[in-house]
Structure formats: C-alpha cells, structure tokens
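Letter by letter, the chains look like this.
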Amino acid sequence: MRKFIFLASMVGVSIMLFACGHKTEKPLRDDPYDRTMDVAKDAVYYNRLKQAEVNYTKAFDLALGHDDRNSINNSGYNLATVQLALNKIDDAESTLYKTRQELYIRGQNDSKQLDLLQGVCLYKKGLYQKAIAFIKLASTSEDQDIKQRSVFLMGFLSYQLQDISTLQYCINQLEADKTTQDKNNLSAKADVTELKSLYSLSVGDYQKALSQAQQVEAVRRQQKDYRAMLRDLLLQAKIYLTLHQSQEAARCYLRAGETAKHMSNTGLAEFYFNQALLYSESYTMNQFARTKLQDLQKSKSVQ
Amino acid sequence: MIFKKQQDPDNRILFRMRYANEWTGAIVLLCVLAFVGAIIEAGILRDWVTPAAKLNIILPQSGVANLSVGDNVEVFGINAGTIKEINVNSDGGLSALATVRPQLRNFIRKDSQVTIKRQFAVAGASYVAITRGYSAPLNWNYAVVIAKTEPNPADQLSQMVAEIRKRIVPTMDSAQNIMSSLEIAIEGIQQGKGTIGRLINNDELIRRSEKMIQSLNDIINQLKPIEHNINHVIRHSDKIVSNFEKVSKDITNVSPQLNPISKNIAETTEQLPSMMIQLQSTVHDLQQLINQLKSLWILGGSSHPSSKTKRLPAREINP
C-alpha cells in the first residue's frame, strides 16, 4: 500500500512538473548576435565593463551584417551605455552618431533611447541646456523604462539648472508612475527620494535633504547599485558642506573615493581623496586621507 | 601676155611654171607653221606665257649671311631661281623675294627646309637651299617660307674652343689649389705636425709600440699556465659531446615512435572543432534546460517567459 502511494505521488509530481514547464523551440540555426549580446549582458551583470564593451562592439558589427534595424538600435544603445559607464564620453558620442547614421540608412530617423544617451553625454560635457532638450525628447518614449529614466534625469538636470518647478514636476511624474508605486521596486522609489533630496536642498531644507540622501544611500547599497550610491555620497558631502560640517563632508568624500577606486575610476578616486584631504579637520582624518591617496598613487604606478 | 613674150627665141624662158607665186606663198606659210610648231614643242612659248612663281622668304633675325640680290635659289640641288629683292619689314625683320621656276613649285611645300648656305661651306657666294617637301602645298598667291642660316663651322669651332677653355681653367685652378694644399700638408708632416707627422718624426710612438708588444708578450706568458686548464675544459667538452651523441642516438631510436604519436595528435586535434560545436550545442541545451527548470513554479519560478529585449535596462544610465 505504501509502495503504491509512493509510486502514485511520484507519477503525480512528474505530471505536474511536465505541466508546469513551457516548451521552448530551438531556433533554425545559431544566432551569433543573440549569443554575443547575452555574453555582454552577463559581463555588465558581473561589472566587467571592458569585456562588455568588446562584446557589444562585436554585436553591433553583427547587427550591421544582419541588417536588422532593431538589433542595430539596441546594440548601439548598449555599447554607448557601457562606454558612458566607463567614462568614455567621446567614444559614446561616436557610437551614438554611428548608430543614428545606420538607422537613418535603414529608414529610421529618430530613436528615443539614443536621445536619452545623447542627453547624458551632453550633461557630462557640461552642456546642460542642450542635454535637457535631448532628455525631454527621450521622455516621450513609448518604452516605460526609458521614459521613467528620462524624467529622473530631467529632474536631476533641473536641479543643476536651479529650475525648481521642473524638478517638482519630475518628482510628481515619477510618483504617479506605476513602477514607482510597486512596493518591490526599491530602486524606483530611491530615484524619487533622491530627487526629493535635491528639491529639499534647493529650497534650503538641509536637514531633510540629508536625511533623504542617507535613506537613498542605504537603498542603493542594498540594491548593489554602487554608481548611484557614489552619487548619493557626493550629495551628502555637498549637504554637509552647506551645513559647515567639513569633517563629515571629508568622511563622505573618503567613502566616495573608495567606491570610485573599486569601480576602477582612479581619476575620480584621486579627486575625492584630495577633497577629503582638503576638508578634513582632524589629524586622524587628514592622515587617513593622505594614506588613501598614497596607496592609490602606488597602485597607479604599479599599473 | 607674158607667156607669149617668152615664146620669143631670144628671150626664151628656162622654166615655165604656172602658179609659181602661189607655190612660193604656200611654202612660206608651211615654214611659218613649222616654226610655230617647233616653238610650241620646245615649250618656249609656255615659258613666256607662264610667269615665274614668287616666294617670300623670311630671313633669320641673326643675319642674312651675306645673301644679296641675284643670289641663286636651289631646290634639292637644282637651280630654281634667284633672289629678286631683300626688304626690311616694318617690324624690323628681313625678308627676301625670290622668283622660282614654276615647274619646281610642286616640290616646295610647307615642310620644306629653307637654309641660307655658302658655296664652299665657309666662303663663296651665298645661296638659298630648299629641301623637297611632302606635306600640304603652299598658297602660291602669297607663298611664305622661313629661312635659317647654316651654322658657320668656323664659329662652331671657336665656340667649342671657348667652352673647353671655360671648363679647363677652373680645373687647372683646382689642381693648383690641391697642389698648394698638398705642399702645405707635406711641409706639416716634415715639421712633425699631425698624427702622420708625429709618426714620421717622433720616435715616442714607436717606443710605445715596442712597450706594448713587450706587454703583450708578458700577457701571453701569463696565459700559458691557463692553457693547461683550457685543455682540461676541452677534454670535458669532448666528454659532454660524446654524451650528447649518445643522447642523440637515443632520440634517433625513439624518433620512429614519434610519427605515430604526432599522427594521433593530428587525429585528435582534427576532432576538436566538431567537439567544440557539440560542446556549444550541449551548453545551449543545458542553458535551455536550466531556464525551463527555473520556470517551474514548484522551484519558485513562474511560467512567464523572460523579456525578449536585448537592450540593457535604462537604469544602467547614470548621470
């Protein structure tokens, strides 16, 4: 009897497993574009951005060979995104220009996702007015994540331009967005809080701004989004400086320097350590910043 | 009446010719006709009727080489006419008007070469020599040719001498300079200046050379004991070489086995590419299997297929 129950349950479980799975059909032949894109995506996941750049370049060439407009758009976008993350602004702009040309040849005159990247490139070059024009274009995208990111970046740029009404508009837009309302989407919530922190800073509510920035920093760390966390640490440093708490600002700069070093951006790391050295008020902090700077310079000379 | 008078025996007429005047007149006419025919046949009349062709010759700016009115014009060696006029043009140039026998007009064409020459190369009367032409004929209503002067051999000779002189004189000067420099150098050597001078006049260098040779001899003497050691090393080297020979013999013995090994390696490597494809296929299948397993709800997955877009999420873009 026991044997029968065991066998019956095994058969039942097997049938259930078969029923729950969905059939995946094997494509007619291997697609090197898909494979290369997957490898590159994994490289981004594992934070191997140089490897990702190599693979996305390869994927872009394959997409050109396949004469597939969508693939060209996506691979060009991905390549430029990775180049931006590697702080290769000129390369990213060159990629965007090339991608637009290839799309134009194939009858596509605009791409909102490329507009978004173009805006970020211009922002990094300090051309805020031009940048916001491109980001506004991107905010009309039908892709939800592109639209949402555009609104966030528009808010970020509005703070740089001290356009408080647009900043408030962006906060409202993001709060009304479905993805932000999703309780599991902590990153989207953190984006809104970051903009709120910038808003508080703009209107002179420094304590609130600091508190919001600290909240965001914690979420970024939890989400392993270290680039965004670096940005929030710098925001905190800025707020501390406004509050005339240089020692705390130096502390934030030191932490930011370590994160930048971890992301292999030694130029930025050196700048943040120098800032920490500048604003450190105690001997211990000063020595600490100096040691960090010396270590960084040693590691640079070894490289 | 007359004939009747001749019947007189005293005044008897020797020949009695009836129509004698008419005959005389006919003979005279015949003679005149024969004369005219002969003239026509000889072409004298044609020469008279046909006027001589006029040829304008533009003379060279360098000079006319003593060409004067009345000088001959020759067409490929045949006397063809004479120079009738030599004119000075309004632009300062010179030209000559020559008459040419009309029969020779056909030989003078646009590519004919016109040269002013002298009878005996450097002396004698000047004449105009025209070569035979083969291109388009001239417009004989106003025929113009351009003449050049034949270079005078005497002038060429003097020019050549001048050129040779021009080249030889600097060479001679250089030779003189070289000689003077050589003289100074030899004087310097004699006075003991410079390395060669010191070598010749100073015994110090020779003494030093002698000392050096002596030192070399000493070094060689010192090296002699080392020679023994070197011999020892060479003997060792011989041993090593012999050992190496043995090793190479062993390798030679082993080498027949190398061929099957390399063949096996080749066969194995041949299969590698296909094995790689199989491996790739297996990995792909494995990935699919993992994806499918992940999608089972019993393992915590959902049956919704993952997003098919290959685009990175927009969150990857950071300001």
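Our structure's up above, just so we're on the same page.
Scope of this entry: the structure provided in the associated data block. Since this is a predicted model, take the numbers as computed values, not measurements.

### So, the overall build of chain B
Inference 1: A count of helices and strands for chain B gives 6 helices and 7 strands.
Inference 2: The linear arrangement of helices and strands in chain B, starting from the amino end, is α-α-α-β-β-β-β-β-β-β-α-α-α.
Inference 3: Split into buried and exposed, the 319 residues of chain B put 8% on the buried side.
Inference 4: Residue pairs in contact within chain B that sit at least 24 positions apart in sequence constitute 57% of those at least 6 positions apart.

### Points about the sheet that holds strand 1 (residues 53–59) of chain B
Residue and element names in this part refer to chain B.
Inference 1: Reading around the circumference, 1-4-3-2-6-5-7 is the order of the 7 strands in this closed barrel, with mixed pairing throughout. In this sheet, adjacent strand axes meet at a mean angle of 40° when their direction is disregarded.
Inference 2: Pairing of strand 2 (residues 72–75) with strand 6 (residues 123–130) involves 3 bridges; the strand directions are parallel. When the sheet's bridge partners are listed, V73 is paired in strand 6 with V128.

### A closer look at the pairing of strand 4 (residues 94–100) of chain B
Consecutive residues of a regular strand have side chains that alternate between opposite faces of the sheet.
All names here are of chain B.
Inference 1: Note that strand 1 and strand 4 share 7 bridges and pair antiparallel. Note that in strand 4 the partner of L59 across the bridge is L94.
Inference 2: Note: strand 3 (residues 78–88) against strand 4, 7 bridges, orientation antiparallel. Opposite G81, over in strand 4, you have V100 as the bridge partner.

### Re the nonpolar core
Inference 1: In terms of nonpolar packing, the biggest core is built from 81 residues, with L117(A), I135(A), L195(A), Y253(A), A256(A) and A276(A) touching the most fellow members.
Inference 2: Sequence-distant contacts of I135(A), defined by excluding residues within four places in its chain, comprise L116(A), G119(A), S150(A), L153(A), M154(A) and L157(A).
Inference 3: If you look at the next biggest cluster of nonpolar residues, it comprises 19 residues, including I57(B), V75(B), I83(B) and L138(B).

### Looking at unusual backbone geometry
Residue and element names in this part refer to chain A.
Inference 1: Positive phi values are uncommon outside glycine, yet K224 reaches one of about 60°.
Inference 2: Note that K224 resides in the loop between helix 12 (206–222) and helix 13 (226–242).
Inference 3: Positive phi, close to 60°, is recorded for S264, a residue that is not glycine.
Inference 4: Positionally, S264 belongs in the loop between helix 14 (246–262) and helix 15 (266–279).

### Some points on the pairing of strand 6 of chain B
All names here are of chain B.
Inference 1: Bridge count for strand 5 (residues 114–120) against strand 6 is 6 bridges, and the pairing is antiparallel. Bridge pairing in strand 6 links I116 to V128.
Inference 2: Between the antiparallel neighbours strand 5 and strand 6 lie 2 residues, among them A121 with a positive phi of about 60°.

### So, helix 6 (residues 112–124) of chain A
Residue and element names in this part refer to chain A.
Inference 1: With 13 residues, helix 6 should cover 18 Å at 1.5 Å per step; its first-to-last C-alpha distance of 19 Å lies within 8% of that length.
Inference 2: Burial of helix 6 is extensive: 11 of the 13 residues sit out of reach of the surface.
Inference 3: Here helix 6 has its buried residues at Q113, L114, D115, L116, L117, Q118, G119, V120, C121, L122 and Y123.
Inference 4: The secondary structure elements touched by the buried residues of helix 6 are helix 4 (69–85), helix 5 (89–105), helix 7 (128–138) and helix 8 (144–160).

### Here we look at the interface of chain A and chain B
Inference 1: Counting residues at the interface gives 30 residues for chain A, matched by 18 residues for chain B.
Inference 2: The set of elements that each furnish at least two residues to the side of chain A that touches chain B consists of helix 1 (2–20), helix 2 (32–45), helix 4, helix 6, helix 8 and helix 13 of chain A.
Inference 3: A breakdown of the residues in the side of chain A that touches chain B according to their chemical character gives 16 nonpolar, 9 polar and 5 charged.

### A word on the environment of N141(B)
All names here are of chain B.
Inference 1: Relative to the elements of secondary structure, N141 occurs in the loop between strand 6 and strand 7 (143–149).
Inference 2: Overall, the presence of 6 C-beta atoms within 10 Å leaves N141 in the exposed class.
Inference 3: Between the C-alpha atoms of N141 and L55, which are 86 residues apart in sequence, the distance is 9.3 Å.

### What about helix 11 (residues 186–203) of chain A?
All names here are of chain A.
Inference 1: For helix 11, spanning 18 residues, the distance from its first C-alpha to its last is 25 Å, which sits close to the expected 26 Å at 1.5 Å a residue.
Inference 2: Helix 11 sits mainly inside the fold: 13 of its 18 residues count as buried.
Inference 3: Count one or two residues on from helix 11 and you reach G204, which has phi positive near 90°.

Conventions and cut-offs
- Residues numbered from 1 in each chain as written.
- Chains lettered and ligands numbered in written order.
- Predicted model: local features only at pLDDT ≥ 70, side-chain atom pairs only at ≥ 80, totals over all residues.
- Helix = DSSP H or I, 4+ residues; strand = E, 2+ residues; numbered from the N terminus.
- Buried ≥ 20, exposed ≤ 12 C-beta atoms within 10 Å, placed from the backbone.
- Contact = placed C-beta atoms within 7 Å.
- Pairing = 2+ DSSP bridges.
- Axes fitted to C-alpha atoms, helices over the stretch in contact; angles between N-to-C directions.
- Core = buried A, V, L, I, M, F, W, Y, C linked by C-beta atoms within 7 Å.
- Expected span 1.5 Å × (residues − 1).
- Nonpolar A, V, L, I, M, F, W, Y, C, P; charged D, E, K, R; others polar.

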